Amino acid sequence: EAQVTQNPRYLITVTGKKLTVTCSQNMNHEYMSWYRQDPGLGLRQIYYSMNVEVTDKGDVPEGYKVSRKEKRNFPLILESPSPNQTSLYFCASSGLAADTQYFGPGTRLTVL
Amino acid sequence: AQSVAQPEDQVNVAEGNPLTVKCTYSVSGNPYLFWYVQYPNRGLQFLLKYITGDNLVKGSYGFEAEFNKSQTSFHLKKPSALVSDSALYFCAVRDTYQYIFGTGTRLKVLA
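The structure contained in this document is the topic of the report that follows. (Residues numbered from 1 in each chain as written. Chains lettered and ligands numbered in written order. Predicted model: local features only at pLDDT ≥ 70, side-chain atom pairs only at ≥ 80, totals over all residues. Heavy atoms only, no water.)

**Focus: the interface of chain A and chain B**
Reasoning step 1: Contact residues are listed per partner, giving 24 residues for chain A and 20 residues for chain B.
Reasoning step 2: In this assembly, chain A packs against chain B so that about 1700 Å² is buried in total across both faces, 53% of it on carbon and sulfur atoms.
Reasoning step 3: Our count for the chain A to chain B interface comes out at one salt bridge.
Reasoning step 4: Taken together, the elements giving at least two residues each to the side of chain A that touches chain B come down to strand 4 (31-38), strand 5 (42-51) and strand 9 (87-94) of chain A.
Reasoning step 5: Per-element tally for the side of chain A that touches chain B: the top contributor is strand 5 of chain A, with five residues.
Reasoning step 6: For the side of chain A that touches chain B, the per-class residue count stands at 13 nonpolar, eight polar and three charged. (Contact = heavy atoms within 4.5 Å. Buried area = accessible area lost by both parts, 1.4 Å probe. Salt bridge = Lys/Arg side-chain N within 4 Å of Asp/Glu carboxyl O. Helix = DSSP H or I, 4+ residues; strand = E, 2+ residues; numbered from the N terminus. Nonpolar A, V, L, I, M, F, W, Y, C, P; charged D, E, K, R; others polar.)

**Observations regarding the packing of aromatic side chains**
Reasoning step 1: Summed over the entire model, instances satisfying the criterion amount to 17 aromatic pairs over all chains.
Reasoning step 2: On the basis of an interplanar angle of 65° and a centroid distance of 5.8 Å, the ring pair of Y31 of chain A and Y99 of chain B is categorised as edge-to-face. Taken together, the residues Y31 of chain A in strand 4 and Y99 of chain B in strand 11 (residues 98-101) connect one chain to another.
Reasoning step 3: What makes Y31 of chain A buried here is its relative accessible area of 0%.
Reasoning step 4: What makes Y99 of chain B buried here is its relative accessible area of 1%.
Reasoning step 5: Between the aromatic rings of Y36 of chain B and F101 of chain B, the centroid separation amounts to 6.0 Å while the plane-to-plane angle is 45°, which identifies the pairing as tilted. Residue Y36 of chain B is located in strand 5 (residues 32-38), and its partner F101 of chain B is located in strand 11; the two are separated by 65 residues in the primary sequence. Here the two residues Y36 of chain B and F101 of chain B agree in accessibility, since each one is buried.
Reasoning step 6: By the ring-pair criterion, three or more aromatic residues cluster together here, those being Y31, Y35, Y48, F90 and F103 of chain A together with F34, Y36, F46, F90, Y99 and F101 of chain B. (Phe/Tyr/Trp six-rings, centres within 6.5 Å; stacked < 30°, edge-to-face > 60°. Buried < 20%, exposed > 50% of the residue type's maximum accessible area, 1.4 Å probe, protein only.)

**Concerning the environment of Y48 of chain A**
Reasoning step 1: Along the polypeptide, Y48 of chain A turns up in strand 5.
Reasoning step 2: Taking the C-alpha atoms as reference points, Y48 of chain A and M27 of chain A, separated by 21 residues in sequence, lie 17 Å from one another.
Reasoning step 3: Residue contacts for Y48 of chain A: discarding those within four places in its chain leaves Y31, M32, S33, V54, T55, D56, K57, G58 and F74 of chain A together with Y97 and Q98 of chain B.

So, in structure tokens, the structure goes:
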């Protein structure tokens, strides 16, 4: 089944404790992206990647890191999480052209 | 700067009536426009997109959208609403490789 998976689905952590949210897709897509969803703000793009070792900043990259060492994986790293990073996070993938994005189920992160 | 506006936080419509969810955009160049739907506790699902060609785009679940270049709009429509259409709808525009999403419109279809 074609899908985007994210882990963990739920995470409660404390300020400053490094964490990684994993994202994996099985559709051989070149393009992958991370978003955060906040009430009243919709979805905002954090980082995106056009291919292995090629990443770029979205609208809200501060406090986040990403890496794309393999085509199928695109982890999101919060090296020193803060409470304002409490949010619902989505990973998505698509072909490189103006293609349909497939979204993962989401990761709800709470930073205390 | 590229932007997308969804002017209505919520739209209420009676089951069986036509529905419209509004979206306007601002981009330089030709826009790539998308509509996605989010059901409770789920990820986003693709509904339809406009890249080029016919201004009326048909998508999943009976939805369609009309691209209007002069009004810079891409409103989502359905001729007859179902209670099961109740969800959060997002309009998005792609600029090169970056996506800009609107703030979302909650559609409530009343039985």
